[in-house]
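Breakdown of the fold
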Amino acid sequence: MASLSACFSSATPPEKPLALVQVQSVALSDVAKSLKITGAVQSRAETPVAFLTAGQLTELGAKIGEAVTKGQVLARLSSQEQEADVEAAAAGLQAAEVRLKQANATLDRQKSLFDQGLTTKSAFDGAQTALETASNSRDSAQAQLDLAQESAGYTELKAPADGVIIRRLYEIDEVVQAGSPVYVIAENGPRKAALNVQETAIARWDRSRPVQVSLVSNPAISTTGTVTEVAPSLDATGTVQVKVTLDDGSKMPLGSAVTAVLSWPAETRIDLPASALWQTGEVAQVWVVDAQNIVALKPVEIESYGTDDVVISSGLEPGDRVVVSGTQFLSPQQKVDVQDLGA
């Protein structure tokens, strides 16, 4: 019985099976890069609308997002001062016309007397001068009335073109200075997309390539566009604003959200499945397998992340074997059973 027990105790335990991993050989490939960003549709022409005279706002007839037509009254100022000016100018014109009528009658009387030799040449000339002065005064009074009536018209703010209200800068009862915009209108017509792009993306982006733009609410509505403006500096969000003129934006409402795809020409890079990445803190690594099927961690630099893949900029060489499946079972210097997936 003792010898049988000793036989069992000296038996060799079965070996632990090797972890099975799938390995991909590193190869260079042409990687096309693109970036999807969001933006908003704008009009190519945005027009500030301002009163030509100062005054207190009594009416604001248009709301943000409302479509307006050319000539439509958008706002009104208090017109009491202008109406008083019109009344005063009208009274001044009436008085000037009375003086002109009197001067005409005086000249007619002096001419009749002069023809009969009953008055002097000096008196006749004085009547002519008085008529000219009265006529000039009447013309001046008419000009004052025209100006007052025109100024009264300035208390109405009218849309200069068909479009959509995109900003309102004042509220009722506020005092508006002449020339200070009350509304901003995005005029109907050609449209553009305003995008906020990271500065690092702008640096490598080929701006001559067309940009695909689609409505967020209905991606089936899309068009291409051309970059026509790139801001020279960062804005408050830390991005660069890019304006893309749309080839056909007629079906994209002003202010609507859009997505734009910026693309780069294909470049030779190392592209791996995202499952190959092993993140330790802030360090990106991958598991590599040597000729003896021993695994080790190797740090890499990531150029970009895709939906299911990562583009490696440095850290690997063509021919390296990288674990792409089964990384959760690994530890450094572990021997593994390899299923080679090729390049």
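Heads up: the structure comes first, above all this text.
Residues numbered from 1 in each chain as written. Predicted model: local features only at pLDDT ≥ 70, side-chain atom pairs only at ≥ 80, totals over all residues. Heavy atoms only, no water.

**Some words on the pairing of strand β16 (residues 257–263)**
As paired elements, strand β3 (residues 34–43) and β16 share seven bridges and run antiparallel to each other. Looking at β16, one finds that K36 is bridged to V261. Where strand β13 (residues 211–215) lies against β16, four bridges are found, and the strand directions are antiparallel. Bridging from a neighbouring strand, L215 pairs with V258 of β16. (Pairing = 2+ DSSP bridges. Helix = DSSP H or I, 4+ residues; strand = E, 2+ residues; numbered from the N terminus.)

**As for the packing of aromatic side chains**
All told, the structure shown has one aromatic pair when counted by the stated rule. On the basis of an interplanar angle of 70° and a centroid distance of 5.6 Å, the ring pair of W278 and W287 is categorised as edge-to-face. By relative accessible area, which is 27% here, W278 ends up partly exposed. On the basis of relative accessible area, W287 is assigned to the buried category, the value being 1%. (Phe/Tyr/Trp six-rings, centres within 6.5 Å; stacked < 30°, edge-to-face > 60°. Buried < 20%, exposed > 50% of the residue type's maximum accessible area, 1.4 Å probe, protein only.)

**As for the sheet that holds strand β9 (residues 163–168)**
Strand order in this open sheet of four strands is β4-β11-β9-β6, and the pairing throughout is antiparallel. Lying at the two open borders of the sheet, with one neighbouring strand each, are β4 (46–50) and β6 (67–68). As judged from the five bridges shared by β9 and strand β11 (residues 181–187), these two strands associate in the antiparallel manner. Looking across to β11, one finds that I165 is bridged to I185.

**Details of helix α3 (residues 121–153)**
With 33 residues, α3 extends 48 Å between its outermost C-alpha atoms, agreeing within 8% with the 48 Å of an ideal straight helix rising 1.5 Å per residue. Along α3, the residues that are buried comprise F124, A127, L131, A134, A141, L145 and A148. (Expected span 1.5 Å × (residues − 1).)

**Digging into the sheet that holds strand β12 (residues 191–197)**
Spatial ordering of the closed barrel is given by β3-β12-β15-β14-β13-β16, a layout of six strands whose pairing is antiparallel. Along the sheet, successive strands turn relative to each other by an average axial angle of 40°, direction set aside. The pairing of β12 with strand β15 (residues 240–246) spans six bridges and is antiparallel. Across the sheet, residue N196 finds its bridge partner in β15, namely Q241. (Axes fitted to C-alpha atoms, helices over the stretch in contact; angles between N-to-C directions.)

**Description of the pairing of strand β5 (residues 55–60)**
Pairing of β5 with strand β10 (residues 175–176) involves two bridges; the strand directions are antiparallel. Residue pairing in the sheet places Q56 in a bridge with V175 of β10. Here three bridges tie β5 to strand β7 (residues 73–77), and the two strands are oriented antiparallel to one another. Each bridged residue has a counterpart across the sheet, and for L57 the counterpart in β7 is L77.

**Side note on unusual backbone geometry**
Of note in this structure, D173 is not a glycine but carries a positive phi near 85°. Secondary-structure assignment places D173 in the loop between β9 and β10. At N293, a position not held by glycine, the phi torsion is positive, near 65°. With respect to the helices, strands and loops of the structure, N293 is situated in the loop between β19 (283–289) and β20 (295–299).

**Things to note about the nonpolar core**
Ranked by size, the top nonpolar core spans 19 residues in total, and within it L195, V211, V213, V244, M252 and V258 carry the most contacts. Elements supplying a minimum of two residues to this core: β3, β12, β13, β15 and β16. Aside from chain neighbours lying at most four places away, what touches M252 is V41, R191, V213, S214, L215, I221, S222, T223, L246 and V258. (Core = buried A, V, L, I, M, F, W, Y, C linked by side-chain atoms within 4.5 Å. Contact = heavy atoms within 4.5 Å.)

**Description of the side chain of Q334**
Structurally, the position occupied by Q334 is in the loop between β23 (321–325) and β24 (336–340). A distance of 2.9 Å separates the side chain of Q334 from the backbone nitrogen of S331, its partner in a polar contact. The contacts of Q334, once residues within four sequence positions are left out, are A19, N293, I294, V295 and F329. (Polar contact = N/O pair within 3.5 Å; in protein donor to acceptor, adjacent residues only side chain to side chain.)

**With respect to the pattern of salt bridges**
Considering all chains together, one arrives at seven salt bridges under this definition. The salt bridge partner of E59 is R76, with a shortest N-O separation of 3.1 Å. Highlighted residues: E59 in strand β5 and R76 in strand β7, separated in sequence by 17 residues. Among the charged side chains, a network of salt bridges with common partners joins E59, R76 and E156. (Salt bridge = Lys/Arg side-chain N within 4 Å of Asp/Glu carboxyl O.)

**Some details on the environment of G117**
Summarising the element assignment, G117 is placed in the loop between α2 (80–115) and α3. Once the C-alpha coordinates of G117 and V258 are considered, the two residues, 141 residues apart in sequence, prove to be 92 Å apart.

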